[in-house]
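Residue-level structure breakdown
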Amino acid sequence: MTALHHAAPILPPPLLAGEEPGTYRVDGDVTDAQLLHLAKLIAQKRLSRGNKLGHPAEVYRCLQTLLLDYAYEVFGTLLLDTQHRLISFDELFRGTIDSASVYPREVIKHALAHNAAAVILVHNHPSGDPEPSDADRRITQRLKDALGLVDIRVLDHVVVGHEGYTSFAERGWL
């Protein structure tokens, strides 16, 4: 009979406020796993309900940290209210190493259920290259058209990779 061994949870070291706003100090040694865990906690805090998201680079910084470890594509939405304050960030679809099936009907249902006025579409490219594919451009247009029928605006589609991000809005594709 073998005993099951469970990995101990990664406990982050206590954070101390730094002298400048938005900076932190940690006393003692910190492992890579603890640093990544802290980064994810901070990214999740920045994606808290009510926060206003401005520039695509800000969205990228949060999402790169959260989507960094995935070896497969994840498609999600940042749902926003009429003032473009965050309602929620949700991962809606998971795929393979180079694609994810996205269903407009489910995106619309999700957005309506949260009373969203606008959305920012997001997905990662596990390859690291954030250049959108033709399929990415087609699904973005389908989602924009479908969400527009129920008065929900698509503000952007941000593709996240290790090598940076691509914003459809910055490229003038929306």
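Higher on the page you've got the structure.
As a starting point, this report considers the structure included with it.

Rules used in this analysis
Residues numbered from 1 in each chain as written. Predicted model: local features only at pLDDT ≥ 70, side-chain atom pairs only at ≥ 80, totals over all residues. Heavy atoms only, no water. Buried < 20%, exposed > 50% of the residue type's maximum accessible area, 1.4 Å probe, protein only. Helix = DSSP H or I, 4+ residues; strand = E, 2+ residues; numbered from the N terminus. Pairing = 2+ DSSP bridges. Right-handed = clockwise from strand over helix to strand, strands pointing away. Phe/Tyr/Trp six-rings, centres within 6.5 Å; stacked < 30°, edge-to-face > 60°. Axes fitted to C-alpha atoms, helices over the stretch in contact; angles between N-to-C directions. Contact = heavy atoms within 4.5 Å. Salt bridge = Lys/Arg side-chain N within 4 Å of Asp/Glu carboxyl O.

Among the seven residues that make up strand S5 (residues 118-124), seven are buried, leaving the element largely enclosed by the rest of the structure. Alternating residues of S5 divide into Ala118, Ile120, Val122 and Asn124 and Val119, Leu121 and His123, and every residue in both groups is buried. When strand S3 (residues 74-80) meets S5, the two strands line up antiparallel, connected through six bridges. The residue of S5 that forms the bridge with phenylalanine 75 is histidine 123. For S5 and strand S6 (residues 153-161), the ladder comprises seven bridges, and the chain directions are parallel. Across the sheet, residue valine 122 finds its bridge partner in S6, namely valine 158. Between the parallel elements S5 and S6, the chain passes through helix H4 (residues 134-148) in a crossover that is right-handed.

Under the counting rule described, the total for this entry stands at four aromatic pairs. Between phenylalanine 75 and phenylalanine 93 the ring centres are 6.1 Å apart and the planes differ by 45°, which places this aromatic pair in the tilted class. Residue phenylalanine 75 is located in strand S3, and its partner phenylalanine 93 is located in strand S4 (residues 86-94); the two are separated by 18 residues in the primary sequence. Considering the side-chain rings of phenylalanine 93 and tyrosine 103, the 5.8 Å spacing of their centres and the 65° angle between planes classify their relative orientation as edge-to-face. Here phenylalanine 93 is found in strand S4, whereas its partner tyrosine 103 is found in the loop between S4 and helix H3 (104-113), with ten residues between them in sequence. Tyrosine 103 gets classed as partly exposed once you look at its relative accessible area, which sits at 48%.

Strand order in the open sheet formed by five strands is S4-S3-S5-S6-S7, with mixed pairing between adjacent strands. In the strand order of this sheet, the two ends are held by S4 and strand S7 (164-167), each with one partner. Neighbour-to-neighbour, the strand axes of the sheet open up by a mean angle of 20°, direction not taken into account. Lying on the sheet, H4 is in contact with S3, S5 and S6; it crosses S6 at an angle near 155°.

Moving on to the environment of alanine 111. Take alanine 111: it is sitting in helix H3. Excluding residues within four positions of it along the chain, alanine 111 makes contact with Leu79, Ala116, Val119, Leu147 and Ile152.

The subject of this paragraph is the pattern of salt bridges. In total, this model carries four salt bridges according to the counting rule given. The partner of arginine 94 in a salt bridge is glutamate 91, with the nearest N and O atoms 3.1 Å apart. Under the relative-accessibility criterion, glutamate 91 is labelled partly exposed at 30%. Where glutamate 131 meets arginine 171, a salt bridge forms, and the shortest distance between an N and an O atom there is 2.8 Å. Separated by 40 residues along the polypeptide, glutamate 131 in the loop between S5 and H4 and arginine 171 in the segment after S7 bring together distant segments of the chain. Residue classification places glutamate 131 among the partly exposed residues on the basis of a relative accessible area of 39%.

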